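# Summary of the model geometry
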Amino acid sequence: MMTDLTVHLDNKPIYNIVYSDTFNKLPELITELGYSNRKVCVVSETNVASLYMDAILLSIDKCCDKAVSFVFPEGEPSKNLDTVKALYEKLIIEKFDRKDIIIALGGGVVGDLSGYTAATYLRGIDFIQIPTSLLSQVDSSIGGKTGVDFDSYKNMVGAFHMPKLVYMNISVLNTLSKRQFNSGMGEIVKHGLIKDSGYFTWLNDNASKITAKDMDVLGEMIYRSCIIKKNVVENDPTEKGERALLNFGHTLGHAIEKYMDFNLLHGECVFIGMILAAIISYNKGNISKNELDIIINSINTYDIPKLDNNIDIAKIIEYTKNDKKVEGDKIKFILLKNIGEAYIDTSVTEAEMLEALNTYMSM
């Protein structure tokens, strides 16, 4: 049985992660947080809004002074400063002040964009995360990293801004497409690979139940992943050290995501990036061939698309140099010492990336 989690900052409780299978507890929690008689703007994208917006607005209208909505087109192309500007204009027209709040209803794009808007509107207002994708439930909704893309550079503009509440309705996972669900598994498998070999083994042992969306198994999986993410962000809230380990698979993954013009989902690119990082880890003598095979087989459980043979590998490597994780002229890679233990490596060369990409393309 999942119990609520509390995220701390400097050993002080900052916000709760609340688990449910409905949205019914939301008005009570909003009231407990002191937002009664405040204006609320529920931000979402078209697909999620069509499923849940009316129910959310009806629910919170009972406890808030005014509830309004802001809906933008789905997908990564909307995650930019133009959408933020439109949201600013909505908040200004509705006369939102510093005591009013934003609710992010959706996946990672909605959460990142809403959080960044909340961080910068009137120098900062409160916001609540209601993550509706698997990826956002286990990753992007926790930890206060917000941001938008800039001229195709992913998450180049952002801020650390902690939510006041993360409310997870696990039942929404039933509406996810297979592709969206599998994409979310990228961050989950990552948690096991970087922090908990026992959890990674558990994921493999329960793969058939996970892909069948056994809700009891999904509940345990989400809870265990949230604990890992919570512990990491508590130890390193602004990514000065350990939190960088959460970027395993992201260096080449983000480059592939940009190269593919965001036609692949984030989790799909992270999965590919994790295979590449595992290959580099193997080539450096860190993990065994057996461990590499186990990692690749685990990832292949989730029907990850294969890159076309005609991709421009040199262009992908070039894109890694524009990643926000570059420090000076050194690319910060996350590699594996073994399954369940990751480390930061700034020595990965272009030749090593090229070798890994060529190995992957020949699989």
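Bear in mind that the values here come from a model prediction, so they are computed numbers and not experimental data.

## Quick word on the pattern of salt bridges
- Here the structure, examined in full by the defined rule, presents 20 salt bridges.
- In this structure, glutamate 187 engages lysine 190 in a salt bridge whose closest nitrogen and oxygen atoms are separated by 2.5 Å. Residue glutamate 187 and its partner lysine 190 are both found in helix H6 (residues 178-195); the two are separated by three residues, about one turn of the helix. In terms of burial, glutamate 187 and lysine 190 fall into one category: buried.
- Residue lysine 195 is joined to glutamate 242 by a salt bridge in which the shortest nitrogen-to-oxygen separation is 2.5 Å. In this pair, lysine 195 is assigned in helix H6 and glutamate 242 in the loop between helix H9 (215-235) and helix H10 (250-259), connecting sequence segments 47 residues apart.

## Considering the sheet that holds strand S6 (residues 126-131)
- The strand order across the open sheet built from seven strands is S1-S2-S9-S6-S5-S3-S4, with neighbouring strands paired in mixed fashion. Each edge of the sheet is formed by a strand with only one pairing partner; in this case those strands are strand S1 (5-9) and strand S4 (66-72). For this sheet the average axis-to-axis angle between neighbouring strands, irrespective of direction, equals 20°.
- The pairing of strand S3 (residues 39-45) with S4 spans seven bridges and is classified as parallel. Looking across to S4, one finds that valine 43 is bridged to phenylalanine 70.
- Together, S3, S4, strand S5 (101-106) and S6 form the strand contacts of helix H4 (residues 108-120), whose direction differs from that of S5 by roughly 170°.

## A few points about empty space enclosed by the protein
- Counting across every chain of the model gives two cavities of 30 Å³ or more.
- Space inside the second largest cavity adds up to approximately 40 Å³.
- Residue lining of the second largest cavity: Asn247, Gly249, His250, Thr251, Leu252, Gly273, Leu276, Ala277, Phe333 and Ile334, and that is the complete set.
- Among the secondary structure elements, those contributing two or more residues to the lining of the second largest cavity are H10, helix H11 (266-283) and strand S12 (333-338).
- Of the residues assigned to the lining of the second largest cavity, the class counts are five nonpolar, five polar and no charged.

## Structural notes on the packing of H6 against H11
- Relative to each other, H6 and H11 sit at 40°, their axes nearing to 7 Å. In terms of their interaxial angle, H6 and H11 are classed as oblique. Of the two elements, H6 crosses H11, and the hand of that crossing is left-handed. Counting all contacts with H6, which are made through Arg179, Asn182, Ser183, Met185, Gly186, Glu187, Val189, Lys190 and Leu193, the residues of H11 involved are His266, Gly267, Glu268, Val270, Phe271 and Met274.
- Of the residues that constitute the contact of H6 with H11, the class distribution is six nonpolar, five polar and four charged.

## Side note on the nonpolar core
- Of all hydrophobic cores here, the largest spans 79 residues; its most connected members are Leu134, Met221 and Ile222.
- Residue contacts for methionine 221: discarding those within four places in its chain leaves Leu134, Met185, Ile188, Tyr199, Trp202, Leu203 and Ile210.

## Examining the side chain of serine 114
- Counting through the fold element by element, serine 114 comes out in helix H4.
- Engagement of the side chain of serine 114 in a polar contact is seen with the backbone oxygen of valine 110, the distance being 2.7 Å.
- Apart from residues lying up to four places away in sequence, serine 114 is in contact with Val43, Ile102 and Ala104.

Reading guide: rules and limits
- Residues numbered from 1 in each chain as written.
- Predicted model: local features only at pLDDT ≥ 70, side-chain atom pairs only at ≥ 80, totals over all residues.
- Heavy atoms only, no water.
- Salt bridge = Lys/Arg side-chain N within 4 Å of Asp/Glu carboxyl O.
- Helix = DSSP H or I, 4+ residues; strand = E, 2+ residues; numbered from the N terminus.
- Buried < 20%, exposed > 50% of the residue type's maximum accessible area, 1.4 Å probe, protein only.
- Pairing = 2+ DSSP bridges.
- Axes fitted to C-alpha atoms, helices over the stretch in contact; angles between N-to-C directions.
- Contact = heavy atoms within 4.5 Å.
- 1 Å grid on protein atoms, 1.4 Å probe; cavity = no way out; pocket = protein on both sides within 12 Å on 5 of 7 lines; lining within 4 Å.
- Points joined across faces, edges and corners; volume = space filled by probe spheres on them.
- Nonpolar A, V, L, I, M, F, W, Y, C, P; charged D, E, K, R; others polar.
- Parallel < 35°, antiparallel > 145°, perpendicular 65-115°, else oblique.
- Left-handed = near helix turned anticlockwise from the far one by under 90°.
- Core = buried A, V, L, I, M, F, W, Y, C linked by side-chain atoms within 4.5 Å.
- Polar contact = N/O pair within 3.5 Å; in protein donor to acceptor, adjacent residues only side chain to side chain.

Everything listed is a geometric property; what it means functionally is a separate question.
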